[in-house]
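Residue strings, one per chain:
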Amino acid sequence: MGISFNTEFEPRYGQRVDISPLIRRVVANNPNPFTFTGTGVYLIGRGSVAVVDPGPSLDDHLDAVEAALEPGERIGRILVTHTHTDHTAGVDKLQARTGAPTYGFGPHGPVPDAHPLDELSFDEHFSAEEAEEFRIAWENTPDELKREGPDHDFVPDKVVTDGELIGDTDGRWQVEVVHTPGHTSNHVCFSLVDDGNGDRVLFTGDHVMGWATSVISPPDGDLLDYMNSLSKLLGCDAVRYWPTHGPAIENPKDYVRSFIEHRRSREKQIVAALVEGPTSIKHLVPTMYADVDKRLWRAAANSVYAHLLALERQHRVIRHDDGDSSATGGTWLLTGV
Ligand SMILES: [Zn+2]
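Only a predicted model underlies this, so the values are computations on that prediction, with no experimental measurement involved.

Draft legend 1. Main features of the nonpolar core. Counting 47 residues, the largest nonpolar core has Ile44, Val51, Val52 and Phe190 as the members making the most contacts within it. If sequence neighbours within four positions are ignored, Phe190 has contacts with Val52, Leu79, Val175, Val177 and Phe203. Within the second largest apolar cluster, 22 residues are counted, among which are Ile216, Leu223, Tyr226 and Trp332.

Draft legend 2. Layout of the domain arrangement of the protein. Segmentation of the protein into domains returns domain 1 (1-111 + 151-260) and domain 2 (117-149 + 276-337). Taken together, the contact between domain 1 and domain 2 spans 13 residues of the former and 14 residues of the latter. Grouping the amino acids of the side of domain 1 that touches domain 2 by side-chain chemistry returns 7 nonpolar, 5 polar and 1 charged.

Draft legend 3. Structural detail: the sheet that holds strand 9 (residues 174-179). Reading across from one edge, 8-9-10-11-12-13 is the order of the 6 strands in this open sheet, with mixed pairing throughout. Each having just a single partner strand, strand 8 (165-167) and strand 13 (249-250) make up the two edges of the open sheet. The pairing of strand 11 (residues 201-205) with strand 12 (residues 240-243) spans 4 bridges and is parallel. Note on strand 12: the bridge partner recorded for Val201 is Arg240.

Draft legend 4. Structural context of the packing of helix 1 (residues 59-67) against helix 3 (residues 91-98). At a minimum axis distance of 11 Å, the contact between helix 1 and helix 3 shows a crossing angle of 45°. The angle between helix 1 and helix 3 places the two elements in the oblique class. Where helix 1 crosses over helix 3, the handedness of that crossing is right-handed. Residues Leu62, Val65 and Glu66 of helix 1 lie in contact with helix 3, whose contacting residues are Lys93, Leu94 and Arg97. For the contact of helix 1 with helix 3, the residue count by class is 3 nonpolar, no polar and 3 charged.

Scoring rules and cut-offs
- Residues numbered from 1 in each chain as written.
- Predicted model: local features only at pLDDT ≥ 70, side-chain atom pairs only at ≥ 80, totals over all residues.
- Core = buried A, V, L, I, M, F, W, Y, C linked by C-beta atoms within 7 Å.
- Buried ≥ 20, exposed ≤ 12 C-beta atoms within 10 Å, placed from the backbone.
- Contact = placed C-beta atoms within 7 Å.
- Domains from an automatic or database assignment.
- Nonpolar A, V, L, I, M, F, W, Y, C, P; charged D, E, K, R; others polar.
- Pairing = 2+ DSSP bridges.
- Helix = DSSP H or I, 4+ residues; strand = E, 2+ residues; numbered from the N terminus.
- Axes fitted to C-alpha atoms, helices over the stretch in contact; angles between N-to-C directions.
- Parallel < 35°, antiparallel > 145°, perpendicular 65-115°, else oblique.
- Left-handed = near helix turned anticlockwise from the far one by under 90°.

Put into C-alpha cells, the structure is as follows:
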C-alpha cells in the first residue's frame, strides 16, 4: 500500500480562508523544502480566538493573522503544536501584540552540537563531477533549509497534558490535547470537538501531513515514539486532519495506516540486510535507496539511523562501535531476539 500524497494546494499568502464556521486559516509566505508552500496558521473559534502555531516572525504575516479577525474579536490564546521555528518564531511578536498566553507541551528537548552523521559521506558512489556539484549545492544551502530549526527559546505559559481540554469561556469551542511525540518529543495535536459543522477535526501540526512524510531527526525526534503516535491517532475519531503545511487530509485513518505500513516496509528492508550480517548506515543507504536521487541520501541516512535507534530501543539490534562511527553511522547487528 503506497502513500497517497496530495500536493494540490493554493496558499493565497496573507489572505484569510474560511474553512468552517469555527476555523479560519492564513498561510505565511515562507515556502521551503520543509514548509512546502508555507506555514498554515489556523484560528479557532469566534470572539476570543485561539491561534494554532503563529508561524514565522514576518510582520506582514502577523498583520494578516490579526486582520483575519472580525471587529470586536481578539486573540485570546496561542496554541503551539511543537517547537520548530517555522511554527514558533512569531510567538513573541504575536504575544506582544495581543497579550495572549501560550499553551504547549514544553520546551524543545536537548540537541547535540554536532549531528552524529555529519561525517558520513557517500562520495565514493558519485563521479568527481557529481561529488563537487553536491558539495557546492550543500554548502550554498542556508541552514534553515538543511534541517528544521529547533526553537530552544520557547517556554509555554501554560503546560498542556495529554487529554486536557481547552476551550473558550462561553464554551463555543473546545479542543482536546493529543500528545504525539516522534517528529519532536513535545509535539501535540489539537482535536477540535466540533468545527461548527458538527465534525470533529484534528490539527496535526507536522505529525501527519498531506504532501510528505514527517522528518524524524534523532535524538529529539524518535521513530518508535512516532510509530506509537501514528497508532494513537487510529483511536481518535476526527473526520479530517488540518496539518500546518499543505492541504487537508480526508479519510485520515486509511492515510495514517499507509504511513505506518511505509515505515514498517523500510524497517523490514533494514532487518533483511542485517540478516546477511552486521553492516553500517554507510553501506545500507546506497542499496536501500539505489533508485532515489543521490542528493537525498544524506536525508535517507538520517531516516535509516532513526529506524536503527528504534530497533535498538526494542532490543532487536545492537550497535557495534568500530572506532569510526561518525564516518560510517556505526555498525549494527541483529540481536536474534
Ligand atoms: Zn516541525
